[in-house]
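Below, each chain spelled out in residue letters.
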Amino acid sequence: PVAKIEASVDKKAKATGFKKDGTPRKKRAPCGYMLFSNEKRSEVREGLLNEADGEKVPPGAVVKKLAEMWNGLGDEEKEPYNTRAKEMVDEDEE
């Protein structure tokens, strides 16, 4: 029973964003796909809501549509997002 309690405490520590010693974890910079999906999520969700005639749209459907859109982009269209992501990584390293 004691091991289970310790394991649940470890899970909570990871979920809160803190290291074992209590210091905050550093967030990773997002990748190009994440920047794209954050930018397009609301319009994709609105489009799916319109198609569903106002019924609830599962979050998985939004993610699936975003992934299809991202995979449909060419390298030239992905470049601005990937460049911005690289710049964010470089800023974090400084």
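Bear in mind that the values here come from a model prediction, so they are computed numbers and not experimental data.

### Some words on the pattern of salt bridges
Counted under the stated rule, the structure contains two salt bridges. The salt bridge partner of arginine 84 is glutamate 39, with a shortest N-O separation of 3.3 Å. Taken together, the residues arginine 84 in helix 4 (residues 75-93) and glutamate 39 in helix 2 (residues 32-51) connect sequence positions 45 residues apart. On the accessibility criterion, glutamate 39 (40% relative accessible area) is partly exposed.

### Some words on the nonpolar core
Leu35, Phe36, Val44, Leu48, Leu49, Val57, Val62, Leu66, Trp70, Tyr81 and Ala85 together form the largest nonpolar core, which totals 11 residues. No other element matches the five residues that helix 2 contributes to this core. Beyond its immediate chain neighbours, meaning those up to four positions away, leucine 35 contacts Pro30, Tyr81, Arg84, Ala85 and Met88.

### A few points about the side chain of serine 37
The topology assignment puts serine 37 in helix 2. By relative accessible area, serine 37 is classed as buried at 1%. A distance of 3.0 Å separates a polar atom in the side chain of serine 37 from the backbone oxygen of methionine 34.

### Brief notes about the confidence of the model for the protein
In low-pLDDT regions, the fine details of the predicted coordinates are not to be read closely. Confidence in the prediction for the protein averages 82 pLDDT; 81% of positions are at 70 or higher. Of all the helices and strands in the protein, helix 1 (residues 2-15) carries the lowest mean pLDDT, 54, while helix 3 (residues 59-72) carries the highest, 93.

### Some words on the environment of alanine 85
Assignment of secondary structure puts alanine 85 in helix 4. With relative accessibility at 5%, the residue alanine 85 sits in the buried group. Apart from residues no more than four positions distant in its own chain, alanine 85 is found in contact with Pro30, Cys31, Gly32 and Leu35.

### Observations concerning a negative patch on the surface
Together, Asp75, Glu76, Glu77 and Glu79 line one region of the surface with negative charge. Residue placement: glutamate 76 occurs in helix 4. Using a relative accessible area of 71% as the deciding quantity, one classes glutamate 76 as exposed.

What counts and how
Residues numbered from 1 in each chain as written. Predicted model: local features only at pLDDT ≥ 70, side-chain atom pairs only at ≥ 80, totals over all residues. Heavy atoms only, no water. Salt bridge = Lys/Arg side-chain N within 4 Å of Asp/Glu carboxyl O. Helix = DSSP H or I, 4+ residues; strand = E, 2+ residues; numbered from the N terminus. Buried < 20%, exposed > 50% of the residue type's maximum accessible area, 1.4 Å probe, protein only. Core = buried A, V, L, I, M, F, W, Y, C linked by side-chain atoms within 4.5 Å. Contact = heavy atoms within 4.5 Å. Polar contact = N/O pair within 3.5 Å; in protein donor to acceptor, adjacent residues only side chain to side chain. pLDDT = per-residue confidence, 0-100. Patch = residues over 30% accessible without salt bridge, like charges linked within 9 Å, V, L, I, M, F, W, Y side chains within 5 Å. Areas by Shrake-Rupley, 256 points an atom, 1.4 Å probe, with all protein chains shown as cover. Lys, Arg positive; Asp, Glu negative; His and termini not counted. Charge placed at Lys NZ, Arg CZ, Asp CG, Glu CD.

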